[in-house]
Amino acid sequence: VSSSCEGPVTVASAAMTFSPSDLCDGTTLLPVESDLELGPIGAPSTAKPRTRGLRYALQGLGVAALAACVAGTLVKASGSSAGTTAAAGSPLSGSVVGLWYKKGADGYRAMKPEVTGRLWQVERMLVGASMCPAASDEIAELREGPWPRKHPGKAPRISKFMYINMPWDDKRRQYMEHQLQNLSSVWQRHSQTLSWERFEGVSAMEFKTEDKYADWRQKGFSEAPKPDVQGDYGTASCTYNHYSAIRTIPESDDGLVVITEDDVEISPQFIELWDRLWPFVPEEWDVLRVGWFGDHQNCSMVVNPMLDVAGWQDPMEGDCAYCGAQAYIVNPASKQRVLQRFERSKITHADELLGAPTPQMEDPKDLPPLKAFVVWPTLASTLLDDRGYPAFNSDRIFGEKALSGKIPRTGMHAMPSTAQHAAPPNNLDEDLGALPEKYRVAIESEMKKAEAKAKAESAKLRSVQRQAKAAEEEAKEAEQEATKAKQALELEQAMYYMIPKYVEPTLPPMPAWPPAPMPMMVPATLPPMPTLPPLATLPPLATLPPLMMPEWLPPMATLPPLATL
C-alpha cells in the first residue's frame, strides 16, 4: 500500500473488504453505520467479529502504511474544504483557525457530525489494533473496562434544561423555547416530565464596567499565548455566565440538569441516546460534555466506544480540540470542584475550564485535572443551516449586531432553509465592517500580528531552505570526495596485482611418523659350502728356556690364596 493511498489494492479479512482509499479519503472514511454498532472495546458484542476483522485487516496493512493513510485523512478532514482557500497572508489561512473558520460548499467542517464521526471511528480502530497507547495510566486503566459496565443501574433522569441567553436576543430565546416545548412531548412519551429555564447572561460591557464584577476582573486574563484572551471581555462574560449557571444546579439527587447555549440543536432521541450512553460512563465523573466539536484524532484520549477524555487543547499551530460548551452536565456531587476551577483560574474560555487538563499557566496542585469526558454521538450540537453554516451569528463576537435574519423555525429540529436566515458573510472585509469600532480595531490588530507572524515564519522557512541547500551542496562534495577515494583505492589494488611476486616452492608433505615397517627380505637358498681339508698338525712348540729374572728383584713371594684376602 503506497503512502499516497492510491492504487487498486484491496484488503479482505473476516468477511469485510475495504481499500486504502476508504481509509484515506476524509469524506468516505469507512462508512460504518454507528459507534453503537461497533461493540465496546474488550467486551462481548454482536458486532465484535466486525471489529476484530477490522483490527486484523489493519495489522495486515502494516503500521507504516496505516500511519501514512491516517495522516492523510487528518489533513483532508481538518484542512480542506471543497473549492475554498484563504487569501495569502490572511489570518484565516493555514491551520491557525482551521476548521471553524474555513468556508466552502459544505460549510464549516469542524461542525459537521459526519466528519467528527469518521475521525471518532479511526481512533477506535487504532486502539482496537493496539496501535495507540493511552495518554496516561488513568486512561489506560479506564480502557480496561469492562465496557459497558456490568451493573450500571438505570440512567439518571434528565429533569431540566437550562439555556444561557442574552437579554436582547429574543430570536434565540424564541428558538429555544419552541424546541424545548417540542422536546417536552418526547419526555411525556417516556412517562417523564421535562422542565426548562432561561438563564439571563451578562454582556461584555456590563462585565467590564459594573462594580459587582470587579473581583472577577481583578483576577486578570490568562497569560497563555494561545488562545490569546487578553482584554477579551466577550470571552470573560461568556465564561462568567457559564459559572453562574453552574452555581444554580441543585446538589440533590432529583435528576440531572443539562446546561446549553442558546444556539444548539438538541437531539429528539436524547432520552434513548442517554440510556445507551450511561453504561459507558465511568462511575466517577465530574463533567459530561454531551455537546462539543473539534475531534483531531487524539486517539490517546479514547476510553471506550462512546467516550473520550475531554483533553481540551488549543495549540499555537493547529485547531482547537475537544472544544465548545454547547451542552454539558455537571455531576451534582462535583459541583463545588467545578466551581472552584472557575473561581481560582484566571479568565479564559469556558470550554477550557470544563476540560479535563489543568488550565494553561495554572498550578496543577491548586487546580487538579477534572474527570471530564466528551461523548459520541453528541446529544446536542450547534444548529446549522442546510449549507453547513451556524444558523445564528456569534453574539459573543458581534454582540447585538449578531441579530440578523429570521428566527429558525425547525419544527421538530428539521434543518432550517437558506431563506430562513441571513447567509454567512462572504469575505473578511464585510465581517469587519459590521463590527463595532472597538472590536474592529482589536481584530485588525490581531490581523497585523498574524501577518507579522506569517512573515517571520516565511523568513524562517527561507532560512531553513538556504540551510538545506548548503547541506545538499556539502553532501554532493562529500559524495565526490568519496568517489575519488574509491577510484584511488581501485587503482592501488590494480597496481598491486600487476607486480610479479616471489612464489615459494611447495614442499612435498612429510611422511607420517613412525614410518611403515619395511618388508623382510628372505634370501634365496645358498648352495652348501665346500668341505675344506683339515689343517695340518703343527708340531709342538719347543720348550722355552726359563725366564731369567733380574738379580735385583727379590724372589716373588708366594701369594696367599684369594680366600684369605
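Bear in mind that the values here come from a model prediction, so they are computed numbers and not experimental data. Counting restarts for each chain: residues are numbered from 1 in the order of the written sequence. Whole-chain, interface and lining totals are the exception, using all residues; otherwise, since this is a predicted model, local features are given only for residues with pLDDT of at least 70 and side-chain atom pairs are given and counted only at 80 or more. Calculated side-chain values reflect all of the structure's heavy atoms, with hydrogen atoms and water omitted.

*Asks:* I tried to follow the pairing of strand β3 (residues 158-165) on my own but got confused; where do I start?
*Replies:* Note on strand geometry: in a regular strand, side chains alternate between the two faces of the sheet. With a 1.4 Å probe rolled over the protein chains alone, any residue whose accessible area is under 20% of its type maximum counts as buried; one over 50% counts as exposed, and the rest are partly exposed. Per the convention used, a helix needs a DSSP run of H or I reaching at least four residues, while a strand needs a run of E reaching at least two, with both numbered from the N terminus. Most of β3 sits out of view: seven of its eight residues are buried. The pairing criterion is simple: DSSP has to find at least two bridges between the two strands. Pairing between β3 and strand β5 (residues 256-261): six bridges, direction parallel. Within β5, the residue paired with Y163 across the bridge is T260.

*Asks:* Please explain unusual backbone geometry as it appears in this structure.
*Replies:* Note: most residues except glycine have negative phi, and most peptide bonds are trans. A cis amide bond, omega 10 degrees, links G145 with the succeeding residue P146. Within the secondary structure layout, P146 lies in the loop between α6 (137-143) and β3. Note that the residue after W376, namely P377, is joined by a cis bond; omega there is 0 degrees. Note on placement: P377 falls in the loop between β11 (372-375) and β12 (380-382). Even without being glycine, Y322 reaches a positive phi, approximately 55 degrees. Looking at where Y322 falls in the secondary structure, it is placed in the loop between β9 (307-309) and β10 (323-330). What makes Y322 buried here is its relative accessible area of 0%.

*Asks:* Sorry, what's going on with the pattern of salt bridges here?
*Replies:* Side chains that differ in sign of charge can pair as their charged atoms come close. Here, a salt bridge means any side-chain nitrogen of Lys or Arg that lies within 4 Å of a carboxyl oxygen of Asp or Glu. The tally for this structure, following the rule as stated, stands at 16 salt bridges. Among the ionic pairs, E123 bridges to R124, the shortest N-O distance being 2.9 Å. In this pair, the class of E123 matches that of R124, namely buried. The salt bridge involving R337 is made with D286; its shortest N-O contact spans 2.7 Å. Taken together, the residues R337 in helix α12 (residues 335-344) and D286 in the loop between α11 (270-277) and β7 (287-293) connect sequence positions 51 residues apart. The class for D286 is buried, based on a relative accessible area of 5%.

*Asks:* Would you mind going over the confidence of the model for the chain with me for this structure?
*Replies:* Where the model shows low pLDDT, its predicted coordinates should not be examined in detail. The predictor attaches a confidence to each residue, and that confidence, scored 0 to 100, is pLDDT. Scored by pLDDT, the chain comes out at a mean of 75, with 64% of its residues at no less than 70. Under a pLDDT of 50 for its full length, residues 1-101 has, in the predicted model, 167 contacts with residues more than four places off or in other chains. Residue contacts follow a heavy-atom distance rule, with two residues in contact if any of their heavy atoms lie within 4.5 Å. A low-confidence stretch, residues 411-434 (pLDDT under 50), is modelled with 49 contacts involving residues beyond four sequence positions or located in other chains.

*Asks:* Hey, could you run me through the packing of aromatic side chains in this one?
*Replies:* Geometrically, a pair of aromatic rings is defined through the distance of the ring centres and the angle of the planes. Aromatic contacts are taken between Phe, Tyr and Trp rings whose centres are within 6.5 Å, Trp giving its six-membered ring; a plane angle under 30 degrees counts as stacked, one over 60 as edge-to-face, and the others as tilted. This structure, assessed with the given rule, holds 18 aromatic pairs. Note on F161 and F270: the rings are 5.3 Å apart at their centroids and 70 degrees apart in plane angle, and the pair reads as edge-to-face. Of this pair, F161 sits in strand β3 while F270 sits in helix α11, and the two are 109 residues apart along the sequence. In this pair, the class of F161 matches that of F270, namely buried. Ring centres of W216 and Y240 lie 5.2 Å apart, and the angle between their planes is 85 degrees; on these two criteria the pair is classed as edge-to-face. Here Y240 lies in helix α10 (residues 233-247) and W216 lies in helix α9 (residues 214-219), a separation of 24 residues in the sequence. The pair formed by W216 and Y240 is uniform in burial state, with each residue classed as buried. Following the ring pairs from residue to residue traces out a cluster consisting of F207, Y213, W216, F221, Y233, Y240, Y243 and F342. Sitting over a ring, as applied to charges here, requires NZ of Lys or CZ of Arg to be within 6 Å of the ring centre and within 35 degrees of the ring normal. We note R149 situated over the ring of W278; from NZ or CZ to the ring centre the distance is 5.4 Å.

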